[in-house]
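# Commentary on secondary and tertiary structure
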Amino acid sequence: MRPLIEFCVNNLTDDVLEIKKKLDEDSSLDVIEYGCLGYCGNCAVHPYCLVNGELIQADTAEELLEKIYKAIEEIELHY
């Protein structure tokens, strides 16, 4: 099962969009963009996404990418 990474279109600032594009290039990941993920309070404050349904947020887009990869590694360890 490939990890599913979900982004909110309202949270796609330029730096988060670059991260999404980078993840899109990885064929081992499913990357989806939605109009709203229902985390509006988080969305207004920090870059975030969902990795297999788990909320991942960070202070910067770069930190978000690091946390995404860490979450993916943890998922792979359980399979």
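Every value quoted in this text rests on a predicted model; they were computed, and no experiment measured them.

### Points about the pattern of salt bridges
For the structure on display, the rule yields five salt bridges. Linking Lys21 and Glu18 is a salt bridge whose minimum nitrogen-to-oxygen distance equals 3.9 Å. Here Lys21 pairs with Glu18, and both are found in helix α1 (residues 14-24), just three residues apart, close to one helical turn. Of the residues examined, Lys21 reaches a relative accessible area of 41% and is grouped as partly exposed. When the shortest N-O distance is used, the salt bridge between Lys20 and Glu33 registers 3.6 Å. Of this pair, Lys20 sits in helix α1 while Glu33 sits in strand β2 (residues 30-34), placing them 13 residues apart in sequence. Exposure remark for Lys20: the relative accessible area of 10% places this residue in the buried category. The network of salt bridges with common partners includes Lys20, Asp24 and Glu33.

### Quick word on a negative patch on the surface
Together, Asp14, Asp15, Glu62 and Glu66 make up a region of like negative charge exposed at the surface. When residues of the negative patch are traced back to their parent elements, those giving at least two are α1 and α3 (61-77). Along the chain, Glu66 turns up in helix α3.

Rules used in this analysis
Residues numbered from 1 in each chain as written. Predicted model: local features only at pLDDT ≥ 70, side-chain atom pairs only at ≥ 80, totals over all residues. Heavy atoms only, no water. Salt bridge = Lys/Arg side-chain N within 4 Å of Asp/Glu carboxyl O. Helix = DSSP H or I, 4+ residues; strand = E, 2+ residues; numbered from the N terminus. Buried < 20%, exposed > 50% of the residue type's maximum accessible area, 1.4 Å probe, protein only. Patch = residues over 30% accessible without salt bridge, like charges linked within 9 Å, V, L, I, M, F, W, Y side chains within 5 Å. Areas by Shrake-Rupley, 256 points an atom, 1.4 Å probe, with all protein chains shown as cover. Lys, Arg positive; Asp, Glu negative; His and termini not counted. Charge placed at Lys NZ, Arg CZ, Asp CG, Glu CD.

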